[in-house]
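Summary of the model geometry
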Amino acid sequence: MKTIRIGTFETNSSSTHSITMCMESDFLKWKNGEMYWNRWNEELVPKEVVEEKFLKENPEVSKEDPDFKDKLEEYLSDDDKIYYTYEEFNDNNYIEYETYVNKYNTPNGDTVVAFGYYGQNY
C-alpha cells in the first residue's frame with residue numbers, strides 16, 4: 001500500500017458513496033416533479049433551469065414546438081444521463097447503488113434532508 005495522506009488509512013476500494021443535502025421544501029419539490037437531481041453536481045435543479053439549458057443547447061427547438069416534451073425527454077434520457085427525477089433516482093436501473101433518505105431537524109426548527117447512494121462498483 002502507498003501512503004498518500006499522512007495519518008489517513010486509504011485503500012483502493014471500489015466502493016462509492018454520495019450525499020446531497022437540501023431543505024425539506026426543495027426535496028418535496030423534487031418528489032413532486034418540480035426539480036431534477038443533477039448527478040454530477042449532486043444538487044437539485046429547478047425544472048425551468050433544465051428546460052432553459054436544453055433550449056440554449058438546441059436553438060432549433062422552442063417551447064411552442066409540438067414535440068417539445070418528447071425532445072426534452074430524449075435529452076433527459078441520453079446515454080450520459082445527468083438529470084434524474086425522484087422516481088429515477090430510487091430506481092436501481094438508473095442509479096446502480098443502494099439509495100437512502102434521512103431527515104434532520106436543525107436547532108432553528110428547519111428540516112434538512114440528506115440523500116444519496118452507496119455501494120460497490122464491480
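Shown above is the structure to which this text applies.
Rules behind the numbers
Residues numbered from 1 in each chain as written. Predicted model: local features only at pLDDT ≥ 70, side-chain atom pairs only at ≥ 80, totals over all residues. Heavy atoms only, no water. Salt bridge = Lys/Arg side-chain N within 4 Å of Asp/Glu carboxyl O. Helix = DSSP H or I, 4+ residues; strand = E, 2+ residues; numbered from the N terminus. Patch = residues over 30% accessible without salt bridge, like charges linked within 9 Å, V, L, I, M, F, W, Y side chains within 5 Å. Areas by Shrake-Rupley, 256 points an atom, 1.4 Å probe, with all protein chains shown as cover. Lys, Arg positive; Asp, Glu negative; His and termini not counted. Charge placed at Lys NZ, Arg CZ, Asp CG, Glu CD. Core = buried A, V, L, I, M, F, W, Y, C linked by side-chain atoms within 4.5 Å. Buried < 20%, exposed > 50% of the residue type's maximum accessible area, 1.4 Å probe, protein only. Contact = heavy atoms within 4.5 Å. Phe/Tyr/Trp six-rings, centres within 6.5 Å; stacked < 30°, edge-to-face > 60°. Lys NZ or Arg CZ within 6 Å of the ring centre and 35° of its normal.

We now examine the pattern of salt bridges. Inspection of every chain in the model, using the stated rule, returns six salt bridges. Of the charged contacts, one joins K53 and E57 as a salt bridge, the two residues approaching to 3.7 Å between their closest N and O atoms. Here E57 and K53 lie together in helix α2 (residues 47-57), a separation of four residues that amounts to about one turn. For the salt bridge of D65 with K71, the shortest nitrogen-to-oxygen distance reads 2.8 Å. The structure contains a network of salt bridges with shared partners spanning E51, E52 and K63.

For the rest of this paragraph, the subject is a negative patch on the surface. Taken together, the side chains of D67, D70, E73, E74, D78, D79 and D80 define an acidic patch exposed on the protein surface. Of note, D70 is situated in helix α3 (residues 68-76).

Ranked by internal contacts, the top residues of the largest apolar core, which has 13 residues, are C22, F27, W30, W37, L44, F89 and F115. Here the element with the most residues in this core is strand β6 (residues 111-120); it accounts for three residues. Residue contacts for C22: discarding those within four places in its chain leaves F27, L44, T111, V112, V113 and F115. Formed by 11 residues, the second largest nonpolar core is a distinct cluster that contains F54, L55, F68 and Y75.

Our next topic: the packing of aromatic side chains. In total, this model carries 15 aromatic pairs according to the counting rule given. In this structure, K81 is placed above the aromatic ring of Y84, and the distance from its NZ or CZ to the ring centre is 5.1 Å.

Turning to its location among the elements, E51 is positioned in helix α2. A relative accessible area of 14% places E51 in the buried class.

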